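Fold and geometry: a report
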Amino acid sequence: MALSKREKNLSIAAGVLFIPFVIWLLIGIFGGSTSELKAQKDKLIEDINAAQKTIRKGREAQKRLDAWNKISLPEDVQAAASRYKVWLMELCDSDEYNAKFRNTQFKPSTPKPVGDVGAQLTVKVSGEASLEQLTRWLYGFYSADYLHQIKGVTINPEDESNKLRVDITVEALALKGAVGADDKPRKEALPELPEEPVDAELLGKYCDAIGGRAIFSRYSPPPPVRQPDPPPSRPVEPARPLFDHGKFTEVTGITEIDGRPQVWIRSRTLGKEYRLFEGESFEVGPVRAKILDIQVAQRTITSEVDGKQYQIALGDNLRDAKELDAGNE
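To keep things clear, this report deals only with the structure shown in the data block. All values derive from a computational prediction rather than experimental measurement.

The rules we used
Residues numbered from 1 in each chain as written. Predicted model: local features only at pLDDT ≥ 70, side-chain atom pairs only at ≥ 80, totals over all residues. Heavy atoms only, no water. Helix = DSSP H or I, 4+ residues; strand = E, 2+ residues; numbered from the N terminus. Contact = heavy atoms within 4.5 Å. Areas by Shrake-Rupley, 256 points an atom, 1.4 Å probe, with all protein chains shown as cover. Salt bridge = Lys/Arg side-chain N within 4 Å of Asp/Glu carboxyl O. Buried < 20%, exposed > 50% of the residue type's maximum accessible area, 1.4 Å probe, protein only. Pairing = 2+ DSSP bridges. Phe/Tyr/Trp six-rings, centres within 6.5 Å; stacked < 30°, edge-to-face > 60°. Lys NZ or Arg CZ within 6 Å of the ring centre and 35° of its normal. Axes fitted to C-alpha atoms, helices over the stretch in contact; angles between N-to-C directions. Parallel < 35°, antiparallel > 145°, perpendicular 65-115°, else oblique. Left-handed = near helix turned anticlockwise from the far one by under 90°. Nonpolar A, V, L, I, M, F, W, Y, C, P; charged D, E, K, R; others polar. Core = buried A, V, L, I, M, F, W, Y, C linked by side-chain atoms within 4.5 Å. Patch = residues over 30% accessible without salt bridge, like charges linked within 9 Å, V, L, I, M, F, W, Y side chains within 5 Å.

Take the overall build of the protein chain next. Along the protein chain, the regular secondary structure elements total 4 helices and 13 strands. Considering only contacts in the protein chain between residues 6 or more positions apart, those separated by 24 or more positions represent 54%. Of the roughly 23100 Å² of accessible surface on the protein chain, a fraction of 53% belongs to carbon and sulfur atoms.

Here the structure, examined in full by the defined rule, presents 9 salt bridges. Two residues, Asp47 and Lys43, come together in a salt bridge whose shortest N-O distance is 2.9 Å. Pair noted here: Asp47 and Lys43 are both in helix α1 (residues 5–71), with a separation of 4 residues, about one helical turn. In this structure, Asp93 and Lys100 form a salt bridge, with 3.7 Å as the shortest nitrogen-oxygen distance. On the accessibility criterion, Lys100 (26% relative accessible area) is partly exposed. By sharing partners, the salt bridges in this structure join Asp93, Asp95 and Lys100 into a single network.

What follows covers the pairing of strand β11 (residues 300–305). Counting buried residues in β11 gives 5 out of 6 residues, a clear majority hidden from the surface. With 6 bridges joining them, β11 and strand β12 (residues 308–313) adopt antiparallel strand pairing. For Val305, the partnering residue across the bridge sits in β12 and is Lys308. Hairpin remark: β11 followed by β12, antiparallel, with 2 residues in the connecting loop; positive phi at Asp306, about 50°.

Glancing now at the packing of aromatic side chains. Enumeration according to the criterion identifies 9 aromatic pairs in this entry. Between Phe141 and Tyr142, the aromatic rings sit 5.4 Å apart at their centres with planes inclined by 85°, giving edge-to-face as the arrangement. Among the aromatic residues, ring-to-ring pairing joins Tyr84, Trp87, Phe101, Trp137, Phe141, Tyr142 and Tyr146 into one connected group. Seen from the ring of Trp264, Arg275 lies directly overhead, with NZ or CZ sitting 3.9 Å from the centre.

Here we come to the packing of helix α3 (residues 131–143) against helix α4 (residues 200–211). Running from N to C, α3 and α4 point in directions that differ by 140°, and their axes come no closer than 9 Å. For the element pair α3 / α4, the angle class is oblique. Once α3 is placed against α4, the crossing between them reads as right-handed. Where α3 abuts α4, its residues Leu131, Glu132, Thr135, Arg136 and Tyr139 lie against Leu202, Leu203, Tyr206, Cys207, Ile210 and Gly211. Taken together, the residues that form the contact of α3 with α4 break down as 7 nonpolar, 2 polar and 2 charged.

By size, the foremost hydrophobic cluster in this structure holds 32 residues, and its most contacted members are Tyr84, Trp87, Leu88, Trp137 and Val170. Breaking this core down by element, the ones donating at least two residues are α2 (77–92), β3 (118–129), α3, β5 (164–175) and α4. Leave out the neighbours within four places in its chain, and Val170 touches Tyr84, Leu88, Leu121, Thr122, Val123, Trp137, Phe141, Gln149, Ile150 and Lys151. By size, the runner-up hydrophobic cluster in this structure holds 18 residues, among which are Ile254, Ile265, Ile301 and Tyr310.

Strand order in the open sheet formed by 3 strands is β6-β7-β8, and the pairing between neighbours is antiparallel. Bordering the open sheet on either side are β6 (249–257) and β8 (272–277), each of which pairs with just one other strand. Neighbour-to-neighbour, the strand axes of this sheet turn through a mean angle of 20°, independent of strand direction. Inspection of the sheet shows strand β7 (residues 260–267) paired to β8 by 6 bridges, in the antiparallel sense. By the bridge assignment, Ile265 is partnered in β8 with Tyr274.

Further remarks concern the environment of Phe141. Here Phe141 lies in helix α3. The exposure class assigned to Phe141 is buried, which follows from its relative accessible area of 0%. When the C-alpha positions of Phe141 and Cys92 are compared, they lie 9.7 Å apart, and in sequence the two are 49 residues distant. With near-sequence residues (within four places) excluded, Phe141 lies in contact with Tyr84, Trp87, Leu91, His148, Gln149, Ile150 and Val170.

What follows concerns the sheet that holds strand β9 (residues 281–284). Paired through their backbone hydrogen bonds, the strands of a sheet run either parallel or antiparallel. The 5 strands are arranged β9-β10-β11-β12-β13 in an open sheet whose pairing can be described as antiparallel. Only two strands of the sheet have a single neighbouring strand rather than two, namely β9 and β13 (322–323).

Looking now at a nonpolar patch on the surface. Taken together, the side chains of Leu202, Tyr206 and Ile210 define a hydrophobic patch exposed on the protein surface, amounting to about 230 Å² of accessible area. Looking at where Tyr206 falls in the secondary structure, it is placed in helix α4. When its relative accessible area of 38% is taken as the criterion, Tyr206 is described as partly exposed.

Our focus in this paragraph is the packing of α2 against α3. Where α2 meets α3, the axes come as close as 10 Å, and the angle between the chain directions of the two elements is 140°. Taken as axis vectors, α2 and α3 run oblique relative to one another. You can see that α2 and α3 cross each other, and the crossing is right-handed. Counting all contacts with α2, which are made through Tyr84, Trp87, Leu88, Leu91 and Cys92, the residues of α3 involved are Trp137, Gly140 and Phe141. Among the residues forming the contact of α2 with α3, the class breakdown is 7 nonpolar, 1 polar and no charged.

Structural data, given as structure tokens:
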């Protein structure tokens, strides 16, 4: 049946409205699946990264454990306790390190399990030694590449002696995976130490730096540093009445003007010339002087500078002035 024009228009309109609905429906279905897949992918990547990190840490821990197995005490705990005690005894009386402890005692404790990897051994070493001997013992202890450590040291001085009472607590591990240099299980033997000679020079430096210290003596402060004596003071020369220009200021004439004595003074550096009667003053540089007396017959004058009197002869400069004593005024 043929559709009318009106029906055709309605069909077209319905189709136009239906297309966006279909598009929205498809986006909802496939878009939602894509987001979920992306979230799952991100979660898987996160899990993979975490697993790889765990594997990396496990490998690093295994490397450390493999290294510890090579320096561990024997796997057999009883053998480990026995062998390690013998080694400590030899160290205390070793000719190689020359520790030479006296009245030495060894007190091992009951081994303690360390998880499922092995056991911990604790031994207390006691004896008498000097500070230098203790230094040598410590050098030998740390030279042995065993899986052990010092947990505590107590030192007490002996009365009126340079000897010390020493108590040292050491710990060592006996791992179940202990192996030898050939990576084969090591049940009873201690790991072999490298046959390296003692560095006598280095050990000597340690002994010199530590062994000579009086660590239990009363503290005595060092003597005060003596300050150097100050240089002897030079005598202060009396200040001359006229400075600077005085050497070049001269008395050039002594005469009388209308029955009054007059002095002529010329300053070559200042280019000035003074003609002064008694009671008059003049300045030469920073100094001011006053003419007190003019002796025409004796060809001398008396001047006053800063309360002091000076005598100057005809032809002399002011630097040559002679100070007059108060009794001779």
